[in-house]
Amino acid sequence: MSEETLPDALAHAYLERLGVDARRGEVDSAMLSAILRAQTARVPYENIDIYRGRPPGIDPVASVERIVSGRGGYCYQQNGALYVLFRWLDADATRHVSGVQMTSSPAPHLNANHMGVTVRTSDGSEWMVDAGLGDGPAGPLPLTWGAHEQDGFTYVLGPSQLDPEGWRFEHDPRLSFIGADFSRAAATTDAFRAMHAELSAAPASPFVRQATAQRRVGPTVELVRGCVYSIVRPDRVESRDLESGDEWWELMIDHFELAYDDVPPAERAEVWARLRANHEAWEAAGRP
(Lines give C-alpha, C1' and ligand atoms only; values in the text may rest on other atoms or scores of the structure.)
Protein backbone atom coordinates (compact mmCIF):
# COMPACT_ATOMS: atom_id res chain seq x y z
CA MET A 1 0.00 0.00 0.00
CA SER A 2 1.24 3.48 -0.86
CA GLU A 3 2.34 5.77 1.96
CA GLU A 4 -0.25 8.21 0.57
CA THR A 5 -3.20 5.82 0.35
CA LEU A 6 -5.34 6.10 3.45
CA PRO A 7 -7.36 2.93 4.20
CA ASP A 8 -11.06 3.56 4.66
CA ALA A 9 -11.14 2.25 8.23
CA LEU A 10 -8.23 4.48 9.23
CA ALA A 11 -9.83 7.52 7.58
CA HIS A 12 -13.04 6.93 9.51
CA ALA A 13 -11.08 6.52 12.76
CA TYR A 14 -9.24 9.80 12.04
CA LEU A 15 -12.49 11.67 11.43
CA GLU A 16 -13.89 10.18 14.64
CA ARG A 17 -10.81 11.42 16.52
CA LEU A 18 -11.50 14.88 15.08
CA GLY A 19 -15.22 14.67 15.80
CA VAL A 20 -16.02 15.69 12.21
CA ASP A 21 -18.62 14.14 9.92
CA ALA A 22 -17.09 14.47 6.45
CA ARG A 23 -18.06 12.73 3.24
CA ARG A 24 -15.99 12.16 0.15
CA GLY A 25 -16.42 14.65 -2.64
CA GLU A 26 -18.00 17.27 -0.38
CA VAL A 27 -14.99 19.33 0.71
CA ASP A 28 -15.89 23.00 0.52
CA SER A 29 -14.55 25.92 2.56
CA ALA A 30 -16.87 25.09 5.48
CA MET A 31 -15.61 21.51 5.62
CA LEU A 32 -11.98 22.70 5.36
CA SER A 33 -12.60 24.93 8.35
CA ALA A 34 -14.33 22.20 10.35
CA ILE A 35 -11.48 19.74 9.80
CA LEU A 36 -8.62 22.17 10.44
CA ARG A 37 -10.22 23.72 13.51
CA ALA A 38 -10.86 20.26 14.93
CA GLN A 39 -7.25 19.24 14.27
CA THR A 40 -5.71 22.35 15.86
CA ALA A 41 -7.98 21.98 18.91
CA ARG A 42 -7.96 18.21 19.42
CA VAL A 43 -4.55 17.08 18.12
CA PRO A 44 -1.84 19.03 19.95
CA TYR A 45 1.25 20.19 18.14
CA GLU A 46 3.88 18.38 20.23
CA ASN A 47 7.36 16.87 20.17
CA ILE A 48 7.44 14.78 23.35
CA ASP A 49 8.63 11.60 21.63
CA ILE A 50 11.45 13.57 19.99
CA TYR A 51 12.43 14.94 23.40
CA ARG A 52 12.35 11.38 24.76
CA GLY A 53 14.80 10.31 22.04
CA ARG A 54 12.15 8.26 20.19
CA PRO A 55 11.37 10.38 17.13
CA PRO A 56 8.46 9.12 15.02
CA GLY A 57 8.61 8.94 11.26
CA ILE A 58 6.83 11.26 8.85
CA ASP A 59 5.14 8.94 6.35
CA PRO A 60 1.59 10.33 6.03
CA VAL A 61 -0.40 7.16 6.75
CA ALA A 62 1.82 6.36 9.75
CA SER A 63 1.18 9.92 10.93
CA VAL A 64 -2.57 9.28 10.79
CA GLU A 65 -2.07 6.09 12.78
CA ARG A 66 -0.15 8.10 15.38
CA ILE A 67 -2.94 10.66 15.66
CA VAL A 68 -5.61 7.98 15.91
CA SER A 69 -3.59 6.35 18.72
CA GLY A 70 -3.94 9.55 20.74
CA ARG A 71 -0.68 11.38 20.14
CA GLY A 72 0.12 14.52 18.16
CA GLY A 73 3.18 15.66 16.29
CA TYR A 74 4.95 18.55 14.68
CA CYS A 75 4.46 19.91 11.17
CA TYR A 76 5.43 16.83 9.18
CA GLN A 77 3.02 14.56 11.05
CA GLN A 78 0.24 17.13 11.45
CA ASN A 79 0.17 18.32 7.86
CA GLY A 80 1.12 14.99 6.33
CA ALA A 81 -1.90 13.44 8.02
CA LEU A 82 -4.19 16.23 6.85
CA TYR A 83 -2.85 15.88 3.31
CA VAL A 84 -3.78 12.20 2.99
CA LEU A 85 -7.13 12.79 4.69
CA PHE A 86 -8.03 15.49 2.16
CA ARG A 87 -6.92 13.25 -0.68
CA TRP A 88 -9.08 10.44 0.72
CA LEU A 89 -11.96 12.92 0.74
CA ASP A 90 -11.26 13.50 -2.99
CA ALA A 91 -10.07 17.07 -2.43
CA ASP A 92 -7.31 18.64 -4.52
CA ALA A 93 -4.58 18.79 -1.85
CA THR A 94 -0.89 19.63 -2.37
CA ARG A 95 2.15 19.65 -0.09
CA HIS A 96 4.76 22.42 -0.36
CA VAL A 97 8.34 22.90 0.83
CA SER A 98 8.39 25.74 3.32
CA GLY A 99 10.80 27.51 5.64
CA VAL A 100 9.68 28.99 8.96
CA GLN A 101 11.57 32.12 10.03
CA MET A 102 11.98 32.31 13.79
CA THR A 103 12.95 35.47 15.66
CA SER A 104 16.49 34.09 15.80
CA SER A 105 16.65 33.39 12.03
CA PRO A 106 18.89 35.73 10.05
CA ALA A 107 16.63 35.82 6.98
CA PRO A 108 13.72 34.08 5.27
CA HIS A 109 14.56 30.70 3.77
CA LEU A 110 13.10 27.65 2.01
CA ASN A 111 14.94 24.83 3.76
CA ALA A 112 12.05 22.34 4.25
CA ASN A 113 11.94 22.88 8.00
CA HIS A 114 8.19 23.08 7.49
CA MET A 115 5.65 21.26 5.33
CA GLY A 116 2.83 23.39 3.95
CA VAL A 117 -0.49 22.17 2.60
CA THR A 118 -2.94 23.83 0.23
CA VAL A 119 -6.38 22.63 -0.81
CA ARG A 120 -8.32 23.77 -3.86
CA THR A 121 -12.08 23.51 -3.39
CA SER A 122 -14.64 22.77 -6.07
CA ASP A 123 -15.33 26.48 -6.68
CA GLY A 124 -11.68 26.96 -7.71
CA SER A 125 -10.57 28.84 -4.58
CA GLU A 126 -7.28 27.85 -2.96
CA TRP A 127 -6.65 27.69 0.78
CA MET A 128 -3.65 27.47 3.05
CA VAL A 129 -4.54 24.66 5.48
CA ASP A 130 -1.86 24.37 8.15
CA ALA A 131 -1.99 22.57 11.50
CA GLY A 132 1.79 22.47 11.79
CA LEU A 133 2.64 26.03 12.80
CA GLY A 134 2.05 25.63 16.53
CA ASP A 135 0.41 28.93 17.40
CA GLY A 136 -0.45 29.60 13.75
CA PRO A 137 -3.97 30.08 12.38
CA ALA A 138 -6.66 27.82 13.83
CA GLY A 139 -8.60 27.84 10.55
CA PRO A 140 -7.77 27.89 6.82
CA LEU A 141 -6.68 31.10 5.09
CA PRO A 142 -7.73 31.92 1.52
CA LEU A 143 -4.59 32.10 -0.60
CA THR A 144 -5.14 35.73 -1.57
CA TRP A 145 -2.71 38.56 -0.91
CA GLY A 146 -3.40 40.91 1.95
CA ALA A 147 -4.26 40.91 5.65
CA HIS A 148 -6.50 38.20 7.04
CA GLU A 149 -8.20 38.69 10.41
CA GLN A 150 -9.01 35.48 12.24
CA ASP A 151 -10.01 34.99 15.89
CA GLY A 152 -8.57 38.36 16.91
CA PHE A 153 -5.18 37.80 15.26
CA THR A 154 -3.88 39.24 11.97
CA TYR A 155 -1.96 37.29 9.33
CA VAL A 156 -0.63 38.64 6.05
CA LEU A 157 -0.14 36.70 2.82
CA GLY A 158 1.87 37.99 -0.11
CA PRO A 159 4.35 36.95 -2.80
CA SER A 160 7.53 35.22 -1.67
CA GLN A 161 10.88 36.79 -2.52
CA LEU A 162 12.39 33.29 -2.58
CA ASP A 163 10.04 31.64 -5.07
CA PRO A 164 8.35 33.86 -7.68
CA GLU A 165 5.43 31.42 -7.81
CA GLY A 166 5.24 30.92 -4.05
CA TRP A 167 3.94 32.96 -1.14
CA ARG A 168 4.99 34.51 2.15
CA PHE A 169 3.03 34.15 5.40
CA GLU A 170 3.59 36.91 7.97
CA HIS A 171 2.60 35.83 11.48
CA ASP A 172 0.80 38.01 13.99
CA PRO A 173 3.65 39.81 15.85
CA ARG A 174 2.15 38.87 19.23
CA LEU A 175 2.90 35.21 18.57
CA SER A 176 5.99 33.02 18.44
CA PHE A 177 7.67 33.34 15.02
CA ILE A 178 8.12 35.91 12.26
CA GLY A 179 6.71 34.13 9.24
CA ALA A 180 7.26 31.47 6.61
CA ASP A 181 7.92 31.20 2.89
CA PHE A 182 6.26 28.53 0.75
CA SER A 183 7.37 27.13 -2.58
CA ARG A 184 4.62 26.72 -5.17
CA ALA A 185 5.81 23.33 -6.51
CA ALA A 186 4.20 20.15 -5.25
CA ALA A 187 6.42 18.22 -2.83
CA THR A 188 6.66 14.58 -1.76
CA THR A 189 7.53 13.11 1.62
CA ASP A 190 11.13 12.62 0.47
CA ALA A 191 11.58 16.41 0.28
CA PHE A 192 11.33 16.58 4.08
CA ARG A 193 13.15 13.46 5.28
CA ALA A 194 16.62 14.98 5.64
CA MET A 195 15.40 18.00 7.58
CA HIS A 196 13.18 15.82 9.76
CA ALA A 197 16.22 13.66 10.59
CA GLU A 198 18.11 16.80 11.62
CA LEU A 199 15.29 18.41 13.58
CA SER A 200 14.43 15.21 15.42
CA ALA A 201 17.94 14.08 16.34
CA ALA A 202 20.58 16.85 16.11
CA PRO A 203 21.65 18.05 19.58
CA ALA A 204 21.28 21.69 18.49
CA SER A 205 17.69 21.24 17.32
CA PRO A 206 15.14 23.16 19.40
CA PHE A 207 12.87 20.10 19.22
CA VAL A 208 15.59 17.97 20.82
CA ARG A 209 16.51 20.60 23.43
CA GLN A 210 13.01 21.52 24.59
CA ALA A 211 9.61 19.82 24.90
CA THR A 212 6.42 21.58 23.87
CA ALA A 213 2.69 20.95 23.47
CA GLN A 214 0.39 23.52 21.88
CA ARG A 215 -3.18 23.72 20.70
CA ARG A 216 -5.52 26.35 19.25
CA VAL A 217 -9.16 26.77 20.21
CA GLY A 218 -10.45 29.81 18.37
CA PRO A 219 -8.83 32.94 19.85
CA THR A 220 -6.96 30.96 22.52
CA VAL A 221 -3.47 29.54 22.13
CA GLU A 222 -2.71 27.10 24.93
CA LEU A 223 0.85 25.91 25.25
CA VAL A 224 3.49 24.31 27.39
CA ARG A 225 7.06 25.19 26.53
CA GLY A 226 9.53 23.50 28.85
CA CYS A 227 8.28 24.17 32.38
CA VAL A 228 6.06 27.14 31.50
CA TYR A 229 2.33 26.82 30.83
CA SER A 230 0.78 29.77 28.97
CA ILE A 231 -2.57 30.83 27.63
CA VAL A 232 -2.28 33.45 24.88
CA ARG A 233 -5.28 35.52 23.78
CA PRO A 234 -5.35 38.57 21.50
CA ASP A 235 -5.53 40.94 24.47
CA ARG A 236 -3.45 39.21 27.14
CA VAL A 237 -1.04 36.43 28.07
CA GLU A 238 -1.25 34.39 31.26
CA SER A 239 1.71 32.21 32.26
CA ARG A 240 2.78 30.13 35.22
CA ASP A 241 5.68 27.82 35.99
CA LEU A 242 5.06 24.12 36.43
CA GLU A 243 6.62 22.98 39.67
CA SER A 244 6.71 19.17 39.51
CA GLY A 245 6.96 16.28 37.12
CA ASP A 246 3.58 15.00 38.27
CA GLU A 247 2.01 18.34 37.35
CA TRP A 248 3.75 18.38 33.95
CA TRP A 249 2.73 14.86 32.96
CA GLU A 250 -0.82 15.34 34.27
CA LEU A 251 -1.12 18.40 32.05
CA MET A 252 0.10 16.42 29.01
CA ILE A 253 -2.01 13.31 29.62
CA ASP A 254 -5.19 14.56 31.28
CA HIS A 255 -5.49 18.14 30.06
CA PHE A 256 -4.01 17.99 26.54
CA GLU A 257 -5.32 14.40 26.28
CA LEU A 258 -2.11 13.02 24.83
CA ALA A 259 -1.69 9.25 25.14
CA TYR A 260 1.60 9.22 27.03
CA ASP A 261 0.29 7.22 29.98
CA ASP A 262 2.48 4.32 28.82
CA VAL A 263 5.71 6.21 29.68
CA PRO A 264 7.29 4.38 32.67
CA PRO A 265 7.66 6.31 35.96
CA ALA A 266 11.46 6.26 35.78
CA GLU A 267 11.44 7.81 32.32
CA ARG A 268 8.87 10.40 33.37
CA ALA A 269 11.21 11.42 36.17
CA GLU A 270 14.18 11.61 33.77
CA VAL A 271 12.24 13.78 31.30
CA TRP A 272 11.18 16.12 34.10
CA ALA A 273 14.74 16.34 35.47
CA ARG A 274 16.03 17.50 32.09
CA LEU A 275 13.18 19.96 31.66
CA ARG A 276 13.79 21.41 35.11
CA ALA A 277 17.54 21.69 34.55
CA ASN A 278 16.95 23.60 31.31
CA HIS A 279 14.43 25.83 33.07
CA GLU A 280 16.86 26.67 35.88
CA ALA A 281 19.62 27.45 33.36
CA TRP A 282 17.18 29.74 31.52
CA GLU A 283 16.30 31.53 34.73
CA ALA A 284 19.97 31.90 35.63
CA ALA A 285 20.61 33.49 32.21
CA GLY A 286 18.03 36.20 32.88
CA ARG A 287 14.78 34.65 31.64
CA PRO A 288 13.80 37.02 28.79
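Before reading further, recall that the structure is shown in the block above.
Residues numbered from 1 in each chain as written. Predicted model: local features only at pLDDT ≥ 70, side-chain atom pairs only at ≥ 80, totals over all residues. Heavy atoms only, no water.

1. What about the sheet that holds strand β4 (residues 126–128)?
Okay, step 1: An order of β5-β4-β3-β2-β9-β8-β7-β6 is seen for the eight strands of this open sheet, with the pairing classed as antiparallel. Strands at the two margins of the open sheet, each flanked by one partner only, are β5 (141–142) and β6 (146–150).
Okay, step 2: Pairing of β4 with β5 involves two bridges; the strand directions are antiparallel. Its bridge partner lying in β5, Trp127 is registered against Pro142. (Pairing = 2+ DSSP bridges. Helix = DSSP H or I, 4+ residues; strand = E, 2+ residues; numbered from the N terminus.)

2. Quick look at the pairing of strand β9 (residues 179–182)
Okay, step 1: Taking every second residue as pointing to the same face, both faces of β9 are buried, with Gly179 and Asp181 on one and Ala180 and Phe182 on the other.
Okay, step 2: Here strand β2 (residues 92–101) pairs with β9 via four bridges, running antiparallel. Looking at β9, one finds that Gly99 is bridged to Asp181.
Okay, step 3: Sheet analysis places strand β8 (residues 167–170) next to β9, joined by four bridges and oriented antiparallel. Each bridged residue has a counterpart across the sheet, and for Arg168 the counterpart in β9 is Asp181. (Buried < 20%, exposed > 50% of the residue type's maximum accessible area, 1.4 Å probe, protein only.)

3. Digging into helix α8 (residues 245–255)
Okay, step 1: Of all the residues in α8, the buried ones are Gly245, Trp248, Trp249, Leu251, Met252 and Ile253.
Okay, step 2: Of the surrounding secondary structure, the elements contacted by the buried residues of α8 are α3 (48–51), β10 (212–217), β11 (220–225), β12 (228–233) and α9 (265–284).
Okay, step 3: Trailing α8 by a residue or two, Glu257 shows a phi angle of about 60 degrees, which is positive. (Contact = heavy atoms within 4.5 Å.)

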